[in-house]
Amino acid sequence: MQGLKMVLNMIDLTTLEGKDTPGKVKQMCYKAQHLHDAYTGLPTVAAVCVYPSMVGVARKELKGNIVKIASVSTAFPSGQAPMSVKLEDTRFAVSEGADEIDMVISRGKFLAGEYNFVFDEIAAIKEACGKARLKVILETGELSTLDNVRRASDIAIHAGADFIKTSTGKIQPAATMQVTYTMLMAIRDHYDRTGIMIGMKPAGGISTSKLALHNLVMVKEVLGNQWLSNEWFRFGASSLANDVLMQIMKTETGLYQSPDYFSMD
Amino acid sequence: MTRLQVLKTYKIFIGGQFPRTESGRYYSLKGKDDFDIANVCLSSRKDARNAVVAARKAFGSWSERSAFNRGQIVYRIAEMLEGRRSQFIEELQLMGLTAANAAKEVDATVDRIVYYAGWCDKYQQIVSSVNPVASSHFNFSVAEPTGVVGIVAPEESPLLGLVSLLIPAIAGGNTVVLVASEKYPLSAVTLAEVIHSSDVPGGVINIITGTADELVSPLVSHLDVNAMTSAGLSKEMASAMQVQAADNVKRVFNYPAMDWSKASSQGLSMIEDLQEIKTTWHPIENIGGATSSY
C-alpha cells in the first residue's frame, strides 16, 4: 500500500498528443490533484507533463499547487529542428510557467558519433532553463545498444541534466527494465565519484502497478532510499495512475475494480 | 511392450489461450470405482480476475460485430462440436453417463447451439420497440448487450447445461467467464478446444475450472462483471450471490434446476435477460400539424 501511494506521488501525468486541447489539459490538471476523491488520504501526482503550448493552461489550473508543471521542448519528440528553435521553444515553456523541462537529445547526431554536439546542445538548453529543472530524454528505443544508452547517460549527466529520462513514449521499446537499470548504474557511478544526485524518469510502457513496483525495487537496490521520492524519481505515464488507483481500492475493499468507476486517463 | 499411457492435460481457457492456472494447483478427478480420470486445474481468484480482464478486452469488438456474423460464428461452434461427437460422448461416459444418455446429451447440445445461432440476428427485432409518445419525438428502444457475464455451470447435464447458459449470453453480444462444474469439468475444457477452433475471437468465452466456493465469489463481487447467471444453486448460495452482486448492482439470474433436454429450457428470454434496453428520444418535425403518432 505504501509502495502504491509512493508510485502515485511519483507520476508525471502526461498528455502529449497532437489532439490535445485546453479542455483535455484542464481535465488532467484536475485529475492530478483529485486522483480518486472517493478515497481520502491519497497523494497528488508529482507533475503534469504537457506540450509548451499547453503550459499556460496548466499554470492557470495549478496556481499555487504543489503539483509541478513539466513541459517537453526542443522540438519534441523528434528533436529535428535548428538550435535557435529549440532554445526559443525552451524559453517559451519556461516563461509560460514550466517548472521542469523535458528535452530530447539529437539521436541522429549521437549515432553519427558527434558527441560534442549533443553535449553542447544539452548544456545550452540547461542554460535556457534558468531555474527550471532539466530532464534529458535519451529516447533509448532509437539508441540500439545498452552501450549507447550508458554513453548518452554519461553525456547528459556531465552536460548538466538534473534528470535523465528513457523515452518520449512515441517509440517502442520504451522504458524496459534493462534500459532503466543501465541508466541507474550511470547515476550511481556519477554519485559515487562526485556525490551529486541525478534524478531518473522511466517513461513509456509502464502501465501496471506491478511493473511500477518492480521499478521502485530496482531503484532502491541500485541507488538506495534517498532516491525514493518524487524529487529524484518519476514515472512518465498516462494510464499507470488508474491502474494503481484500482489496486489501492482493491486492497482497501477486497473487491476487484472496474475502470468504469475511475476518472478518465 | 505396453505403451506408457499419454493422458490429456485439462487446462483452462483465457483470452483464446490455454494457460495452466497461475496458482500451479490441480485436483484429480475420480471416475467410477475411484480411479483417476484426469488432473484438472484448481484455478484461483487471480485466474478469475485474468479471465475478466480478457473478457472485458474482447467485449468491444464482439458486441459491435454484425448480428449475422455472430450467428455464423455460433453456428460454427455447433459444426465443430458435431465433428468431435465421439470424444464428447467418451468423456461424458467417463464422468458417469451411460452411452445412450451421453449420445443424447451431445446431440441435444449441438441442436441447442444451432437454435441460438438462429436467434443471433432475430432477437433484436422482437425485443426492441418503437414507442408512442406525446411529443414530437421518434422514440425507440433497442437491446444492447449488458457486458461481461459470469456463469456458474450447472451440475446437471455436464455439457448441455453449461452450453444452455453460455450460448445465449454470447449470442446476445456479451462476453463470458464460465466457472466449470467441479464434478464435471472435462466436457467444459474440451468445449473450450472446440470454441478455440470455431472463429470465436479470443476472450469472448473464458472457461476456468476449480471449486465454485473459491471462484464464484471473486466473480460476483468483481465490479467489472455486469451480470451473473447460474441454475439450480442452493438457496444460501443464491442469496449470497445477490448480496455480493449488490455493490455494482449487477444482474443476477439463478434459474431453477431444470431438465435441460426439454425444449422449455431454451428460449428468447435467456438472451433477453442479458440485454440492456436503451431508449432514444429523437426530435422530429411535426408533419401536417399532426402530433407524433409514435
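K.L.:
So what exactly am I meant to see when it comes to the overall build of chain B here?
P.N.:
A count of helical and extended segments in chain B gives 10 helices and 10 strands. Its C-alpha atoms give chain B a radius of gyration of 21 Å, near enough to 19 Å, the size a compact globule of 294 residues would have. Principal-axis analysis of the C-alpha atoms gives chain B an extent of 90 × 40 × 35 Å. When burial is assessed residue by residue, chain B has 51% of its 294 residues classed as buried. Long-range contacts, defined as pairs at least 24 residues apart, comprise 77% of the intrachain contacts of chain B with a sequence gap of at least 6.

K.L.:
I'm lost on the interface of chain B and chain A in this one. Help?
P.N.:
How big an interface is tends to be expressed through the accessible area that disappears when the partners come together. Counting residues at the interface gives 10 residues for chain B, matched by eight residues for chain A. Carbon and sulfur atoms supply 54% of the area buried between chain B and chain A, which totals about 820 Å² over both sides. Where chain B meets chain A, there are zero salt bridges. Our enumeration of links across chain B and chain A arrives at three residue pairs in polar contact (both at pLDDT 80 or more). If one sorts the elements of the side of chain B that touches chain A by residue count, helix α1 (residues 45-64) of chain B sits on top with three residues. Split by residue class, the side of chain B that touches chain A holds two nonpolar, three polar and five charged.

K.L.:
What should I look at first to understand the side chain of Glu-121 of chain A in this one?
P.N.:
Residues and elements named next belong to chain A. With respect to the secondary-structure elements, Glu-121 resides in helix α6 (residues 115-129). Here Glu-121 falls in the buried class, since its relative accessible area comes to 3%. In this structure, Glu-121 is in contact with Met-83, Lys-86, Ile-105 and Ser-106, ignoring residues within four places of it in sequence.

Rules and cut-offs
- Residues numbered from 1 in each chain as written.
- Chains lettered and ligands numbered in written order.
- Predicted model: local features only at pLDDT ≥ 70, side-chain atom pairs only at ≥ 80, totals over all residues.
- Heavy atoms only, no water.
- Helix = DSSP H or I, 4+ residues; strand = E, 2+ residues; numbered from the N terminus.
- Rg over C-alpha atoms; globule rule 2.2 N^0.38 Å.
- Buried < 20%, exposed > 50% of the residue type's maximum accessible area, 1.4 Å probe, protein only.
- Contact = heavy atoms within 4.5 Å.
- Buried area = accessible area lost by both parts, 1.4 Å probe.
- Salt bridge = Lys/Arg side-chain N within 4 Å of Asp/Glu carboxyl O.
- Polar contact = N/O pair within 3.5 Å; in protein donor to acceptor, adjacent residues only side chain to side chain.
- Nonpolar A, V, L, I, M, F, W, Y, C, P; charged D, E, K, R; others polar.

Interpretation in functional terms is not warranted from these geometric data alone.
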